[in-house]
Amino acid sequence: MVWENSPTLLPPPHPDVELYRASLVSKLRQQYQEMTHSREGIDAPKESFNRWLMERKVTDTGCDPLLPGNSYPEISPAMYREIMNDIPIKVVRPKCSEIGRAHV
């Protein structure tokens, strides 16, 4: 049995458009790496950008097949969690309980 889908409303892919879209994704990936390094002092978590793209693809209501255009919420909870989990936290062991309470 052969299933036929309805025709797509998207125009056929054009090499120049796809090259431009790939360059935009590369710029986004590079800016993400630079921002996490400059703001938090860490490298971007591995594959977090790809997970963000996939997450936005599910929630996006924009018209571009790859890049997110109109998603809610604007801040990705998954990407936020990954970045926060990668930030090194220095745990200080207090010498006495008064100092410990002061750190809390």
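See the structure printed just above.
What you see is a predicted model; the values in this text were computed from it and never measured.

The rules behind each value
Residues numbered from 1 in each chain as written. Predicted model: local features only at pLDDT ≥ 70, side-chain atom pairs only at ≥ 80, totals over all residues. Heavy atoms only, no water. Buried < 20%, exposed > 50% of the residue type's maximum accessible area, 1.4 Å probe, protein only. Helix = DSSP H or I, 4+ residues; strand = E, 2+ residues; numbered from the N terminus. Arc of directions from axis to C-beta. Contact = heavy atoms within 4.5 Å. Axes fitted to C-alpha atoms, helices over the stretch in contact; angles between N-to-C directions. Parallel < 35°, antiparallel > 145°, perpendicular 65-115°, else oblique. Left-handed = near helix turned anticlockwise from the far one by under 90°. Nonpolar A, V, L, I, M, F, W, Y, C, P; charged D, E, K, R; others polar.

Draft legend 1. Main features of helix H3 (residues 77–86). Those residues of H3 that sit buried are Met79, Glu82 and Ile83. Viewed along the axis of H3, the buried residues span an arc of 95 degrees, placing them on a single side of the element. In this structure, H3 carries Arg81 and Asn85 as exposed residues pointing more than 90 degrees from its buried face. Those residues of H3 that are buried are in contact with helix H1 (15–40) and helix H2 (48–59).

Draft legend 2. Main features of the packing of H1 against H2. Close contact between H1 and H2 brings their axes to 10 Å; oriented N to C, the two are set at 125 degrees. Relative to H2, H1 is oriented oblique. In this structure, H1 meets H2 at a crossing whose hand is right-handed. Contacts between H1 and H2 involve Val25, Leu28, Arg29 and Tyr32 from the former and Ser48, Phe49 and Asn50 from the latter. Class assignment of the residues belonging to the contact of H1 with H2 gives a composition of four nonpolar, two polar and one charged.

Draft legend 3. Spatial organisation of the environment of Glu55. Mapped onto the elements, Glu55 comes out in helix H2. With 22 residues separating them in the primary sequence, Glu55 and Pro77 have C-alpha atoms 9.8 Å apart. Beyond its immediate chain neighbours, meaning those up to four positions away, Glu55 contacts Ser76, Pro77 and Ala78.

Draft legend 4. Expanded view of unusual backbone geometry. The residue Glu47 is not glycine, and still its phi comes out positive at about 60 degrees. Among the secondary structure elements, Glu47 is positioned in the loop between H1 and H2. Under the relative-accessibility criterion, Glu47 is labelled partly exposed at 49%.

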